[in-house]
Amino acid sequence: MTALPWGDIDTVLLDMDGTLLDLHYDNHFWLEHLPRRYAELHGISRAMADLELTPLFERNAGQLQWYCLDFWSTELKIPVRELKLETANLIALRPDADTFLAAIRQAGKRVIMITNAHRDSLSLKMERIELAPYFERLISSHDYGFPKESPAFWDALQADIGFDPQRSLFIDDTLPILRSARDFGVAHLLAVKQPDSKKGPKDTEEFTALGDYRDLLEGL
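Within each chain, residue numbers correspond to sequence positions counted from 1 in written order. Side-chain atom pairs in this predicted model are given and counted only at pLDDT of 80 or more, local residue features only at pLDDT of at least 70, and totals for whole chains, interfaces and linings cover all residues. Values reported for side chains reflect all heavy atoms of the structure, with hydrogen atoms and water molecules removed beforehand.

### Remarks on the pattern of salt bridges
Side-chain pairs of opposite charge can arise where the charged atoms are in close proximity. A carboxyl oxygen of Asp or Glu within 4 Å of a side-chain nitrogen of Lys or Arg is what we treat as a salt bridge. Applying the stated criterion to the full structure yields 20 salt bridges. Of the charged contacts, one joins arginine 46 and aspartate 50 as a salt bridge, the two residues approaching to 3.2 Å between their closest N and O atoms. You can see arginine 46 and its partner aspartate 50 sitting in helix H2 (residues 46–60), 4 residues apart, about one turn around the helix. Classification of residues uses two cut-offs on accessible area relative to the type maximum, computed with a 1.4 Å probe and protein chains only: under 20% is buried, over 50% is exposed, and between them is partly exposed. Its relative accessible area of 30% is what places arginine 46 among the partly exposed residues. A relative accessible area of 28% means that aspartate 50 is categorised as partly exposed. Elements are defined by DSSP. Helices are runs of H or I of four residues or more, strands are runs of E of two residues or more, and each kind is numbered from the N terminus.

### Some words on the packing of aromatic side chains
Any pair of Phe, Tyr and Trp rings, taking the six-membered ring for Trp, is counted once the centres come within 6.5 Å. Such a pair is stacked with planes under 30 degrees apart, edge-to-face with planes over 60 apart, and tilted for the rest. Following the criterion strictly, the structure yields 15 aromatic pairs and no others. Taken together, a centroid distance of 5.9 Å and an interplanar angle of 85° make the contact between tryptophan 66 and tryptophan 72 edge-to-face. Under the relative-accessibility criterion, tryptophan 66 is labelled partly exposed at 24%. Within the aromatic cluster, the residues linked to one another by ring pairs are Phe29, Trp30, Phe57, Trp66, Phe71 and Trp72. Counted as over-ring charges are cases with an Arg CZ or a Lys NZ within 6 Å of the ring centre that also lie within 35 degrees of the ring normal. Its guanidinium or amino end placed over the ring of phenylalanine 29, lysine 84 lies 5.3 Å from that ring's centre, counting from NZ or CZ.

### Quick word on the nonpolar core
Here the nonpolar core consists of buried residues drawn from Ala, Val, Leu, Ile, Met, Phe, Trp, Tyr and Cys, with membership extended through side-chain atoms lying within 4.5 Å. Core analysis: the largest hydrophobic core is formed by 31 residues, its most contacted members being Trp6, Leu14, Leu20, Ile171 and Leu216. Sorting the residues of this core by element identifies strand S1 (11–14), helix H5 (97–106), strand S2 (110–115), helix H6 (119–128), strand S4 (168–172) and strand S5 (188–192) as the ones contributing at least two each. Per-element accounting of this core gives the leading share, 4 residues, to H5. Contact between two residues is taken to exist if any of their heavy atoms lie within 4.5 Å; hydrogens are not considered. Here leucine 20 is in contact with Leu14, Asp15, Leu93, Arg94, Ala97, Leu101, Met113, Leu131, Phe135 and Tyr213, once residues within four sequence places are set aside. Counting 20 residues, the second-largest nonpolar core is a separate cluster that includes Ile112, Leu178, Ala181 and Val186.

### Topic: the sheet that holds S4
Taken together, 6 strands build an open sheet; the order of strands is S3-S2-S1-S4-S5-S6 and the sheet is parallel. Taken across any chain shown, the strands that pair with only one partner, and hence form the sheet edges, are strand S3 (137–140) and strand S6 (209–210). Relative to S6, S5 runs parallel, the two being bridged by 2 bridges. The residue of S6 that forms the bridge with valine 192 is leucine 210. Paired strands, in this sense, are two strands between which DSSP finds at least two bridges.

### Quick look at H5
Buried within H5 are the following residues: Ala97, Phe100, Leu101 and Ile104. When H5 is viewed along its axis, its buried side chains cluster within an angular range of 100° and face the same direction. Summarising the contacts, the buried residues of H5 are in contact with S1, S2 and S4. With its phi angle positive at about 85°, glycine 108 sits one or two positions after the end of H5. In this description, the arc belongs to the directions extending from the helix axis to the C-beta atoms.

### As for the environment of glutamate 127
Among the secondary structure elements, glutamate 127 is positioned in helix H6. Residue glutamate 127 is classed as exposed on the basis of its relative accessible area, which comes to 58%. Separated by 82 residues in the primary sequence, glutamate 127 and serine 45 have C-alpha atoms spaced 34 Å apart.

### Brief notes about the pairing of S1
Of the two faces of S1, both are covered, the one formed by Thr11 and Leu13 as well as the one formed by Val12 and Leu14. As defined by bridge partners, S1 adjoins S2 across 4 bridges and the pair is classed as parallel. Each bridged residue has a counterpart across the sheet, and for valine 12 the counterpart in S2 is valine 111. Alignment of S1 against S4, held across 4 bridges, turns out to be parallel. When the sheet's bridge partners are listed, leucine 14 is paired in S4 with isoleucine 171.

### Focus: the environment of alanine 132
Looking at the secondary structure, you find alanine 132 in the loop between H6 and S3. Taking the relative accessible area as the measure of exposure, alanine 132 reaches 34% and is therefore partly exposed.

### Focus: the pairing of S3
Pairing of S2 with S3 involves 4 bridges; the strand directions are parallel. If you follow isoleucine 112 over to S3, its bridge partner there is arginine 137. Orienting the strands away from the viewer, one traces the path from the first strand over the helix to the second; a clockwise path indicates a right-handed crossover. In terms of handedness, the path from S2 via H6 over to S3 forms a crossover that is right-handed.

Encoded structure:
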């Protein structure tokens, strides 16, 4: 990939899951661990659990409640927070993400995390991986009441932190979110080539794909 025009970038907005952290933890939890524990806790087969969970997941995908542990605990009648702790050993940093964070802070960029993760998920991950010191702010979309997919999120972010979209870089692994940022006017956008280390590369369509964080350091 070509070097970023770092002289034109003041603010770096970063997603968490799949961007800074390996998405394997979340994929394993939601697609394997939670359905298995749901089946056990409700005394049903795994196949029946999948039949019950799949339409629920599909119906709520991309909405704020999709990312809300309280919503799923109530909806599924299981202690989702406690279940997330059972697989917390899988929480892992993507290679060289911390090297990149240290470099952009050193270069004087404003660094802000914007995640759809629920505050409880965010806290759990920050306890395991020491990323908080790299950031000016850790912002959950739940703080605003809109997911990053929504134009209202970007209006709320602008009102909160007062950034210049034309002089901002945003990195995320979710294409509808990147499109939402583009519609708001964020000038520099990167998708993540391989958010889940246990799965192959994904098609990032119209967006430049980030493979290695060290590639971004050129010209910083």
